Amino acid sequence: MKCLWINGWGIPPQTTAELAQGICPDLEHVIITPTQSEWDKITNWSAFEHVIGYSLGASLILRNASNYQGKTPLLIAPFIAYPSEANQGGNVRLTQLKVLRRWVRNDPIAALTDFHQRAQLNIPSLTQIPYSVELLLE
C-alpha cells in the first residue's frame, strides 16, 4: 500500500519520511512539497491508499476539496490561512510572514532554522534547504 504525504512548509521530506516509516513501516510513503504546483502533478489518485496532509499540506487538501478524488484524507494541524488577522486558524501576524518571506529570499537556511525552532519542531540543523526558494515562497 502507498501513502501520500503532503508535507508541511519548510519541513525536509526526509524528516517526514522517517516519521512516516516509524509510524507505519509496512507502507510505502511518498512525500510531496506542499505547493499547488506539486498537487497539480498528481494524476493517479487511485495509486494511494491513504492521503495525509500536515500543516500547509492539510491546508492544501482543504483548498482543493472540489477536485480531490474520493480519498478520505487525514489532516494534521490544518489551518485555512496563516495570518492571524484572517481568523482562520493561523497564529502568525501578517507582518511576520512578510519578514519571513524576505528572510527566505536572503538566507533560507537561517529562516527555516528559526521557523523550526519557533514551531518547536525537532528537526536537525539544516545544511541545505529542503526544496527550492521558489517553492518555499509559493
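The model shown is predicted, which means the values in this text are computed figures rather than measured ones.

K.L.:
Explain a positive patch on the surface here, please?
P.N.:
A cluster of like positive charges, contributed by Lys98, Arg101, Arg102 and Arg105, occupies part of the molecular surface. With respect to the helices, strands and loops of the structure, arginine 101 is situated in helix 4 (residues 94–106). For arginine 101, a relative accessible area of 36% corresponds to the partly exposed category.

K.L.:
Is there a simple way to explain the packing of helix 4 against helix 5 (residues 108–118) in this structure?
P.N.:
When two helices pack together, their arrangement is given by the angle between the helix axes and the distance between those axes. Between helix 4 and helix 5, the shortest axis-to-axis distance is 6 Å and the interhelical angle comes to 135°. It follows from the interaxial angle that helix 4 and helix 5 lie oblique. Between helix 4 and helix 5, the contacting residues are Leu100, Trp103, Val104 and Asn106 on the first element and Pro108, Ala110, Ala111 and Asp114 on the second. Along the lines of polarity and charge, the residues of the contact of helix 4 with helix 5 split into six nonpolar, one polar and one charged.

K.L.:
Can you walk me through the confidence of the model for the protein in this structure?
P.N.:
Atomic detail in the predicted coordinates should be set aside for any region of low pLDDT. The pLDDT averaged across the protein works out to 86; a share of 93% of its residues lies at or above 70. When pLDDT is averaged over each helix and strand of the protein, the minimum, 69, is found for strand 6 (residues 89–92) and the maximum, 95, for strand 2 (residues 28–32).

K.L.:
Sorry if this is basic, but what is going on with helix 5 here?
P.N.:
Residues separated by three or four positions in an α-helix point in the same direction, a consequence of the helix having 3.6 residues per turn. Of the positions making up helix 5, those classed as buried are Pro108, Ala111, Leu112, Asp114 and His116. The first or second residue beyond helix 5 is glutamine 120, which carries a positive phi of 55°.

K.L.:
Please explain the pattern of salt bridges as it appears in this structure.
P.N.:
Pairing is possible between side chains that carry opposite charge, provided their charged atoms lie close to one another. Tallied over the full model, the rule gives one salt bridge. Note that glutamate 38 is salt-bridged to lysine 41, the shortest N-O span being 2.8 Å. A residue is classified by how much of its surface remains accessible, and glutamate 38, at 18% relative accessible area, is buried. Classification of lysine 41 by relative accessible area gives exposed; the value is 57%.

K.L.:
Looking at this structure, I do not really get the pairing of strand 3 (residues 50–54). What am I missing?
P.N.:
It is a general feature of regular strands that their side chains alternate between the two faces of the sheet. As paired strands, strand 1 (residues 2–6) and strand 3 are joined by four bridges and run parallel to one another. What sits directly across from cysteine 3, in strand 3, is histidine 50. Where strand 3 and strand 4 (residues 74–76) come together, three bridges link them in parallel fashion. From the neighbouring strand, tyrosine 54 faces strand 4, where its bridge partner is isoleucine 76.

K.L.:
It is not clear to me how the nonpolar core should be interpreted in this structure. Could you clarify?
P.N.:
For soluble globular proteins, the rule of thumb is that nonpolar side chains tend to be buried together. Counting residues in each nonpolar core, the largest one holds 13 residues, and the members touching the most others are Trp9, Leu100, Val104, Leu112 and Leu136. Sorting the residues of this core by element identifies helix 4, helix 5 and helix 6 (133–137) as the ones contributing at least two each. Aside from chain neighbours lying at most four places away, what touches tryptophan 9 is Pro34, Leu56, Tyr82, Leu100, Val104, Leu112, Phe115, Tyr131 and Leu136. Among the nonpolar cores identified, the runner-up in size contains 10 residues, and Leu4, Ile6, Val51 and Ile61 belong to it.

What counts and how
Residues numbered from 1 in each chain as written. Predicted model: local features only at pLDDT ≥ 70, side-chain atom pairs only at ≥ 80, totals over all residues. Heavy atoms only, no water. Patch = residues over 30% accessible without salt bridge, like charges linked within 9 Å, V, L, I, M, F, W, Y side chains within 5 Å. Areas by Shrake-Rupley, 256 points an atom, 1.4 Å probe, with all protein chains shown as cover. Salt bridge = Lys/Arg side-chain N within 4 Å of Asp/Glu carboxyl O. Lys, Arg positive; Asp, Glu negative; His and termini not counted. Charge placed at Lys NZ, Arg CZ, Asp CG, Glu CD. Helix = DSSP H or I, 4+ residues; strand = E, 2+ residues; numbered from the N terminus. Buried < 20%, exposed > 50% of the residue type's maximum accessible area, 1.4 Å probe, protein only. Axes fitted to C-alpha atoms, helices over the stretch in contact; angles between N-to-C directions. Parallel < 35°, antiparallel > 145°, perpendicular 65-115°, else oblique. Contact = heavy atoms within 4.5 Å. Nonpolar A, V, L, I, M, F, W, Y, C, P; charged D, E, K, R; others polar. pLDDT = per-residue confidence, 0-100. Pairing = 2+ DSSP bridges. Core = buried A, V, L, I, M, F, W, Y, C linked by side-chain atoms within 4.5 Å.

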